[in-house]
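# An overview of the molecular structure
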Amino acid sequence: MTEFWLISAPGEKTCQQTWDQMMVATTRTNNLSTNNKFNIPDLKVGTLDVLVGLSDDLAKLDSFTEGVVKKVAQYMADVLEDSRDKVQENLLANGVDLVTYITRFQWDMAKYPIKQSLKNISEIISKQVTQIDNDLKARASSYNNLKGNLQNLERKNAGSLLTRSLADIVKKEDFVLDSEYLITMLVVVPKWVQLWPRSHLLFEDNDSGLFSVTLFRKAIDDFRHKARENKFTVRDFQYNEQEMNADKEEMTRLSTDKKKQFGPLVRWLKVNFSEAFIAWIHIKGLRVFVESVLRYGLPVNFQAMLLQPNKKNMKKLREVLNDLYKHLDSSAAAIIDSAMDIPGLNLSQQEYYPYVYYKIDCNLLDFK
């Protein structure tokens, strides 16, 4: 289960007391969740107007950053050809797995200095994530073009004898070249059809054989007509060594380029997945801080807590938290109480509870 609930409640006499109460309610008699303190440093509060505006801006930035994190993760899966184990190995934050990073979260003072205003910190994150998004688009476009061109060439060299490239099948000696009167034609003959006289088998697959037939140029039309009657397919093919070599060289070049780009691209994805994920969790921290100040007032006095719900007991955990914190906002508690009695009632797009709540969902990959 990789869903976390990041919540906060005001400090009772002390923040430790708030933590202890939540631990008793969720773990002492029932295993509802695994809990960790979520450390948010002393950030600069600023004015109420700024906080209200920032609350909206951070919601948008949260959603945008989550999208970028998922895009980088999904592209990693595409590049590694959906080898699930390999992908998970590469999706790390600061060199550790995502659950470890979140549960042991420490604010990165170097990247996001707390001496700066909240607005400045959010702008630093926004610039960083936008840059990752733009770089990803450029790198993905370049690699996808290369991969697409290579796949098109590979498709040309595979499949049915009716459509595939013949460059790696035929040789110069299979053809009469530069003759005024004679021409060599290539015919695809289904296996169940009797062979054409004076023809040479060059290649066969499960369904048919490729034959060369040398005839007088003046008999071409008649030959094509007879071939159609007999369910043979004449391939329009002119032996051209330069063209055939160019195709082979292009395939070698694309294949080499793809291998050259692969390593650096995977490294870039690893580094920037980590950067984007770390930025995302810092945004969650900023949101908890801003929302806690707006809801619980000044001086700043709240405990941020990270709960990893036990999947079977999520509904029960909601009820327990609601009972524990309904005194914080009686109107929200009343709405939730009534909603719990009406199955299928969706409160709104943004879930609202008497305590500050944000979900962190680490299920980032959509494997096809």
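Not measured: the values here are computed from a predicted model. (Residues numbered from 1 in each chain as written. Predicted model: local features only at pLDDT ≥ 70, side-chain atom pairs only at ≥ 80, totals over all residues. Heavy atoms only, no water.)

We now examine the pattern of salt bridges. As a working rule, side chains carrying opposite charge can pair if their charged atoms are close by. Applying the stated criterion across every chain yields a total of 21 salt bridges. Between aspartate 133 and lysine 137 there is a salt bridge whose closest N-O contact spans 3.3 Å. Linking aspartate 133 with lysine 137, this pair stays in helix α5 (residues 118-156), spanning 4 residues, or about one helical turn. Residue aspartate 236 is joined to arginine 224 by a salt bridge in which the shortest nitrogen-to-oxygen separation is 3.1 Å. With aspartate 236 in the loop between β6 (233-235) and α7 (241-296) and arginine 224 in helix α6 (residues 220-229), this residue pair connects regions lying 12 residues apart in the sequence. (Salt bridge = Lys/Arg side-chain N within 4 Å of Asp/Glu carboxyl O. Helix = DSSP H or I, 4+ residues; strand = E, 2+ residues; numbered from the N terminus.)

Between its first and last C-alpha atoms helix α1 (residues 15-28) spans 19 Å; for 14 residues at 1.5 Å apiece the expected length is 20 Å, and the two agree. Taken as a whole, α1 has its buried residues at Thr18, Trp19, Met22 and Thr26. Seen from one end, α1 has its buried residues packed into an arc of 95°, which puts them on one side. (Expected span 1.5 Å × (residues − 1). Buried < 20%, exposed > 50% of the residue type's maximum accessible area, 1.4 Å probe, protein only. Arc of directions from axis to C-beta.)

This next bit is on α7. The end-to-end C-alpha distance of α7 is 79 Å, a good match for the 82 Å that 56 residues give at a rise of 1.5 Å each. Maximum bend of α7: about 30°, positioned at phenylalanine 262, with proline proline 264 one to four residues after it. Where α7 starts, the residue carrying a side-chain oxygen 3.1 Å from the main-chain nitrogen of glutamine 242 turns out to be asparagine 240. Looking one or two residues past α7, glycine 297 carries a phi angle of roughly 80°, positive in sign. (Bend = angle between axes of the 7 residues up to and from the residue. Polar contact = N/O pair within 3.5 Å; in protein donor to acceptor, adjacent residues only side chain to side chain.)

On average, residues of the protein score 90 in pLDDT, and 93% of them are at 70 or above. A low-confidence stretch, residues 344-349 stays under pLDDT 50, and its non-local contacts, those more than four residues away or across chains, total 5 contacts. (pLDDT = per-residue confidence, 0-100. Contact = heavy atoms within 4.5 Å.)

Turning next to the environment of phenylalanine 232. Relative to the helices and strands, phenylalanine 232 is located in the loop between α6 and β6. Residue classification places phenylalanine 232 among the buried residues on the basis of a relative accessible area of 7%. Separated by 45 residues in sequence, phenylalanine 232 and valine 187 have C-alpha atoms that sit 6.5 Å apart.

Another aspect to go through is the packing of helix α2 (residues 48-79) against α7. For the pair α2 and α7, the least separation of the axes is 8 Å and the interaxial angle reads 155°. Classed by the angle they form, the pair α2 and α7 counts as roughly antiparallel. Considering only the axes of α2 and α7, their crossing is left-handed. Residues belonging to the contact of α2 with α7 are distributed by class as follows: 27 nonpolar, 3 polar and 6 charged. (Axes fitted to C-alpha atoms, helices over the stretch in contact; angles between N-to-C directions. Parallel < 35°, antiparallel > 145°, perpendicular 65-115°, else oblique. Left-handed = near helix turned anticlockwise from the far one by under 90°. Nonpolar A, V, L, I, M, F, W, Y, C, P; charged D, E, K, R; others polar.)

If you walk through the whole model with that rule in mind, you get 13 aromatic pairs. Considering the side-chain rings of phenylalanine 105 and tryptophan 107, the 6.4 Å spacing of their centres and the 85° angle between planes classify their relative orientation as edge-to-face. Note on phenylalanine 105: relative accessible area 1%, which makes it buried. Between tyrosine 353 and tyrosine 357 the ring centres are 5.2 Å apart and the planes differ by 85°, which places this aromatic pair in the edge-to-face class. Overall, tyrosine 357 belongs to the buried group, its relative accessible area being 6%. Put simply, the rings of Phe38, Tyr101, Phe105, Trp107, Phe273, Phe277 and Trp280 touch in pairs and so form one group of aromatic residues. Over the ring of tryptophan 5 we find arginine 318, and its NZ or CZ is 3.8 Å from the ring centre. (Phe/Tyr/Trp six-rings, centres within 6.5 Å; stacked < 30°, edge-to-face > 60°. Lys NZ or Arg CZ within 6 Å of the ring centre and 35° of its normal.)

Here we come to the side chain of serine 208. Structurally, the position occupied by serine 208 is in strand β5 (residues 208-216). Serine 208 sits in the buried class, given a relative accessible area of 8%. Residues within four places of serine 208 in sequence aside, it is in contact with Leu161, Val188, Val189, Pro190, Lys191 and Phe203.

Before going further, it helps to examine the side chain of asparagine 272. Positionally, asparagine 272 belongs in helix α7. For asparagine 272, a relative accessible area of 12% gives the class buried. A polar atom in the side chain of asparagine 272 sits 2.9 Å from the backbone oxygen of tryptophan 268. If we skip the residues at most four places from it in the chain, asparagine 272 touches Val72 and Ile132.

Between α1 and helix α8 (residues 314-325), the shortest axis-to-axis distance is 10 Å and the interhelical angle comes to 140°. Between α1 and α8, the interaxial angle falls into the category oblique. Between α1 and α8 lies a crossing whose hand is right-handed. Mapping the contact onto sequence places Thr18, Gln21, Met22, Ala25 and Thr26 in α1 and Leu317, Val320, Leu321, Leu324 and Tyr325 in α8. Of the residues that constitute the contact of α1 with α8, the class distribution is 7 nonpolar, 3 polar and no charged.

Another point: the environment of proline 41. By the secondary structure assignment, proline 41 is in the loop between β2 (33-37) and α2. Taking the C-alpha atoms as reference points, proline 41 and alanine 246, separated by 205 residues in sequence, lie 62 Å from one another.

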